Amino acid sequence: MEGEKNLVDKARKGNSEAFGSLYDYYLPRIYRFVLFKVSHKQQAEDITQHTFMKAWENIGSYKPQGHPFGSWLYRIARNSVIDHYRKDQPLIDIEEVAPEALGIDNSLISGLEIKLNLEKVLRAIRELNQVEQDVLIMRFVEDLPHDEVARAVQKSENAVKVIQHRALKKLKDNLSKR
Amino acid sequence: MREENIIKHLSTLKSIQPDADFARSARTTILYRSEPRSVHSFGLRQSLSSTLSIGLVVMLFVFVAIGGVASVLRTPISPTLSGVDEASLASEAGSVNQTIDTHLKDVAYTPGDTNRLAMAAPDESINPDEEIDLLLTQAKGY
């Protein structure tokens, strides 16, 4: 993000407008990440709001250290999702995994085959473990580089590459069974 | 499905956007109904925790230096063993023994009659045979 460091510095000093700009840029990313994890629109909205609220309240303790602000946000979002599952294990209605229910633009999934494939992919992702889901979403949905994913999931870059390879293989196997 | 197709499908998920109303209302809630905790409070918390850590280390060091666990276990449950004068303890024990021996000798010299229990008979001058005769005579009288 252009001028992110400057915005973060201002936000750390309590400038709400600066944090607002960071919010506008990162909201869709964090929202998507949470949505794929919980597969429930309302819960995804609640967790996303909670993530940004925590980030804003604790921005004074954030130390940039040259890393993108997003890594910190993803980490808060991951912990918020874990907390959410710890509190109450929600039952996922399989219909909620359908692209329309998740809010995917219908114009992008015009063909029936593409729509069905997308549904299959979403369901197959849910069969992966938490860190495998995190790595696949961050790498292939959000196009984050390995080092940024590594910081967000608190693992080494090599570990992330191994997880990515394993997760893709598992996803492929899951899809071939369907 | 091939790996390239899976990645292609995953990248189409990027089109998902949060609801505009949600984005607006959440922004307002976050920015205007909450505020960041001051940097000073984080700094204060950090300095307090580091001070506490240093304090605990110093206390532990002092604790070990003055004898540690051994001194705690020694008092007050068990007596202190260091610095006991064995000679004075032995002489004290000897004097206690002597006192007990003296009392035992006193008991040995005391006449046996004084230790006897008083007999139940009210009058010691009456011979037991005479007493029986008296009782028989009284019985015949009935």
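Our subject is the structure that appears above.
Residues numbered from 1 in each chain as written. Chains lettered and ligands numbered in written order. Predicted model: local features only at pLDDT ≥ 70, side-chain atom pairs only at ≥ 80, totals over all residues. Heavy atoms only, no water.

As for helix H2 (residues 20–33) of chain B
In this model H2 of chain B runs 19 Å from its N-terminal to its C-terminal C-alpha over 14 residues, within 8% of the 20 Å that 1.5 Å per residue would give. Residues of H2 of chain B that are buried in the fold lie against helix H2 (16–38) and helix H3 (41–57) of chain A. (Helix = DSSP H or I, 4+ residues; strand = E, 2+ residues; numbered from the N terminus. Expected span 1.5 Å × (residues − 1). Contact = heavy atoms within 4.5 Å.)

Quick word on the packing of aromatic side chains
Residue and element names in this part refer to chain A. Here the structure, examined in full by the defined rule, presents ten aromatic pairs over all chains. For the ring pair Phe19 and Phe69, a centre distance of 6.4 Å and an interplane angle of 90° mean the geometry is edge-to-face. Here the residue Phe19 occupies a position in helix H2, and Phe69 occupies one in helix H4 (residues 69–87), the gap between them amounting to 50 residues. With relative accessibility at 1%, the residue Phe19 sits in the buried group. Among the residues examined, Phe69 registers a relative accessible area of 1% and is labelled buried. Geometrically, the ring pair formed by Tyr25 and Tyr26 is edge-to-face, given 4.9 Å between the ring centres and 90° between the ring planes. Residue classification places Tyr26 among the buried residues on the basis of a relative accessible area of 5%. Three or more aromatic residues joined by ring pairs make a cluster, and in this case those are Phe19, Tyr25, Tyr26, Trp56, Tyr62, Phe69 and Trp72. Of note, Arg29 hangs over the ring of Tyr25, and the distance from its end group to the ring centre comes to 4.1 Å. (Phe/Tyr/Trp six-rings, centres within 6.5 Å; stacked < 30°, edge-to-face > 60°. Buried < 20%, exposed > 50% of the residue type's maximum accessible area, 1.4 Å probe, protein only. Lys NZ or Arg CZ within 6 Å of the ring centre and 35° of its normal.)

Observations regarding the environment of Ala23 of chain B
If you trace the backbone, Ala23 of chain B turns up in helix H2. Classification of Ala23 of chain B by relative accessible area gives buried; the value is 18%. Setting aside anything within four residues of it in sequence, one finds Ala23 of chain B in contact with Tyr23 and Leu27 of chain A.

Comments concerning the packing of H2 of chain A against H2 of chain B
Running from N to C, H2 of chain A and H2 of chain B cross one another at 140°; their axes reach a closest spacing of 11 Å. Considering their axes alone, H2 of chain A and H2 of chain B lie oblique with respect to each other. Between H2 of chain A and H2 of chain B the crossing geometry is right-handed. From H2 of chain A, Ser16, Glu17, Phe19, Gly20, Ser21, Tyr23, Asp24, Leu27 and Tyr31 of chain A reach across to H2 of chain B, where they touch Phe22, Ala23, Ala26, Arg27, Ile30, Leu31 and Tyr32 of chain B. Per-class residue counts for the contact of H2 of chain A with H2 of chain B are ten nonpolar, three polar and three charged. (Axes fitted to C-alpha atoms, helices over the stretch in contact; angles between N-to-C directions. Parallel < 35°, antiparallel > 145°, perpendicular 65-115°, else oblique. Left-handed = near helix turned anticlockwise from the far one by under 90°. Nonpolar A, V, L, I, M, F, W, Y, C, P; charged D, E, K, R; others polar.)

By themselves, these figures tell us nothing about what the structure is for.
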